[in-house]
Amino acid sequence: ETGVTQTPRHLVMGMTNKKSLKCEQHLGHNAMYWYKQSAKKPLELMFVYNFKEQTENNSVPSRFSPECPNSSHLFLHLHTLQPEDSALYLCASSRKLGWMNTEAFFGQGTRLTVV
Amino acid sequence: DAKTTQPPSMDCAEGRAANLPCNHSTISGNEYVYWYRQIHSQGPQYIIHGLKNNETNEMASLIITEDRKSSTLILPHATLRDTAVYYCIVRVAGNDMRFGAGTRLTVKP
């Protein structure tokens, strides 16, 4: 148990569906992240939130829409996805204090399959 | 952040020490070395990090060469549960964690 919880663990959705991934951290961290891991590829950083403000969007298509209502919760809203979006989606959190950023702690991920 | 180079795969016998190398020849003075591992289809797990001194915790030891251009993660008594992909990451303290391909360690009975 890392203190970062992701739900659901598995999700199958059609290309016309809308779904959301949820992440919650109980570590008192103030930065949260979404990563994508496609089959046999390294983790790709998608979005970064620092104190609820989005500070990075790594050229992610608009069919992925993040939301960070507070420092403990992070969502990834999905709509009109493509089969190539099937991947393991990982949430992480860390503590950012000024110029310091602690190590990140990861959730177990959501295995997404788009059919 | 500096680029790292790791062997794509390694094997280790159960009960033996696993020594995982990482090359980071372009590391700068304010960059830390971090190690994570990812067991199949789970989230990455933080192991250890250091700046220039060797570090040890309950999971592993990190040995950083004096010139800081390379490091070695040591799992002193590898078990089957240590089979995973191990990532060496070099980053400035304030930056976000970015992952490369890592080393796939297979611990064999």
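Structure first, text after, so check above.
1. Points about the packing of aromatic side chains
Then comes step 1: Per the stated rule, a full pass over the model turns up eleven aromatic pairs over all chains.
Then comes step 2: For the ring pair Tyr35(A) and Phe99(B), a centre distance of 5.9 Å and an interplane angle of 85° mean the geometry is edge-to-face. In this pair, Tyr35(A) is assigned in strand S4 (residues 31-37) and Phe99(B) in the loop between strand S8 (84-92) and strand S9 (103-108), connecting two distinct chains. Across the pair, exposure class does not vary: Tyr35(A) and Phe99(B) are buried alike.
Then comes step 3: In textbook terms, an aromatic cluster arises when at least three aromatic residues are bridged by ring pairs, as seen for Tyr33(A), Tyr35(A), Phe105(A), Phe106(A), Tyr36(B), Tyr46(B), Tyr87(B) and Phe99(B).

2. A word on unusual backbone geometry
Then comes step 1: In this structure, the amide linkage connecting Thr7(A) to the following residue, Pro8(A), adopts the cis form with an omega of -10°.
Then comes step 2: Topologically, Pro8(A) is positioned in the loop between strand S1 (4-7) and strand S2 (10-13).
Then comes step 3: Of note in the backbone geometry, Thr80(A) takes a positive phi value of approximately 45° without being a glycine.
Then comes step 4: Within the chain, Arg68(B) stands out as a residue other than glycine whose phi angle is a positive 65°.
Then comes step 5: In this structure, Arg68(B) sits in the loop between strand S6 (61-64) and strand S7 (70-75).
Then comes step 6: Taking the relative accessible area as the measure of exposure, Arg68(B) reaches 11% and is therefore buried.

3. What to know about the pairing of strand S8 (residues 73-79) of chain A
All names here are of chain A.
Then comes step 1: Within S8, five of the seven residues are buried, which leaves the element mostly enclosed by the surrounding structure.
Then comes step 2: Pairing of strand S3 (residues 18-25) with S8, which is carried by seven bridges, proceeds in the antiparallel orientation. Residue pairing in the sheet places Leu21 in a bridge with Leu76 of S8.
Then comes step 3: Where strand S7 (residues 64-70) and S8 come together, five bridges link them in antiparallel fashion. Bridge pairing in S8 links Glu67 to Phe75.
Then comes step 4: Two successive antiparallel strands, S7 and S8, enclose a turn made up of two residues.

4. Remarks on the sheet that holds strand S2 (residues 18-23) of chain B
Residues and elements named next belong to chain B.
Then comes step 1: The strand order across the open sheet built from four strands is S2-S7-S6-S5, with neighbouring strands paired in antiparallel fashion. Edge positions in the sheet fall to S2 and strand S5 (55-56), since each has one partner strand and no second.
Then comes step 2: Looking at chain direction, S2 and S7 are connected through six bridges and run antiparallel. When the sheet's bridge partners are listed, Asn23 is paired in S7 with Ser70.

5. Quick notes on the sheet that holds S7(A)
All names here are of chain A.
Then comes step 1: Across the sheet, which stays open at both edges, the four strands sit in the order S1-S3-S8-S7 with antiparallel pairing between neighbours. Since the sheet does not close on itself, it has two edges, and those belong to S1 and S7, each with one partner. Shown here is a sheet whose adjacent strand axes are inclined to one another by a mean of 20°, direction ignored.

6. Considerations on a nonpolar patch on the surface
Then comes step 1: Taken together, the side chains of Leu97(A), Trp99(A) and Met100(A) define a hydrophobic patch exposed on the protein surface, amounting to about 360 Å² of accessible area.
Then comes step 2: Relative to the elements of secondary structure, Trp99(A) occurs in the loop between strand S10 (96-97) and strand S11 (100-101).

7. What about the interface of chain A and chain B?
Then comes step 1: With 22 residues of chain A at the contact, the number on the chain B side is 20 residues.
Then comes step 2: When chain A packs against chain B, close to 1600 Å² is buried across both sides, 49% of that on carbon and sulfur atoms.
Then comes step 3: Between the two partners, chain A and chain B, sit one salt bridge.
Then comes step 4: If you look at where chain A meets chain B, you find seven residue pairs in polar contact (both at pLDDT 80 or more).
Then comes step 5: The set of elements that each furnish at least two residues to the side of chain A that touches chain B consists of S4, strand S5 (44-50), strand S9 (87-94) and S11 of chain A.

8. Notes on the state of the cysteines
Then comes step 1: Applying the stated criterion across every chain, the model contains two disulfides over all chains.
Then comes step 2: The side chain of Cys23(A) participates in a disulfide bridge whose partner is Cys91(A); the two sulfur atoms lie 1.9 Å from each other. Where Cys23(A) bonds to Cys91(A) through sulfur, the torsion about that S-S bond is close to -75°, and the disulfide is left-handed. With Cys23(A) in strand S3 and Cys91(A) in strand S9, the pair connects residues that are 68 residues apart, well separated along the chain. As far as burial versus exposure is concerned, Cys23(A) and Cys91(A) are alike and both buried.
Then comes step 3: Residue pairing for Cys22(B): its cysteine sulfur links by disulfide to Cys88(B), the two sulfurs lying 2.1 Å apart.

What counts, and at which threshold
- Residues numbered from 1 in each chain as written.
- Chains lettered and ligands numbered in written order.
- Predicted model: local features only at pLDDT ≥ 70, side-chain atom pairs only at ≥ 80, totals over all residues.
- Heavy atoms only, no water.
- Phe/Tyr/Trp six-rings, centres within 6.5 Å; stacked < 30°, edge-to-face > 60°.
- Helix = DSSP H or I, 4+ residues; strand = E, 2+ residues; numbered from the N terminus.
- Buried < 20%, exposed > 50% of the residue type's maximum accessible area, 1.4 Å probe, protein only.
- Pairing = 2+ DSSP bridges.
- Axes fitted to C-alpha atoms, helices over the stretch in contact; angles between N-to-C directions.
- Patch = residues over 30% accessible without salt bridge, like charges linked within 9 Å, V, L, I, M, F, W, Y side chains within 5 Å.
- Areas by Shrake-Rupley, 256 points an atom, 1.4 Å probe, with all protein chains shown as cover.
- Salt bridge = Lys/Arg side-chain N within 4 Å of Asp/Glu carboxyl O.
- Contact = heavy atoms within 4.5 Å.
- Buried area = accessible area lost by both parts, 1.4 Å probe.
- Polar contact = N/O pair within 3.5 Å; in protein donor to acceptor, adjacent residues only side chain to side chain.
- Disulfide = S-S within 2.5 Å.

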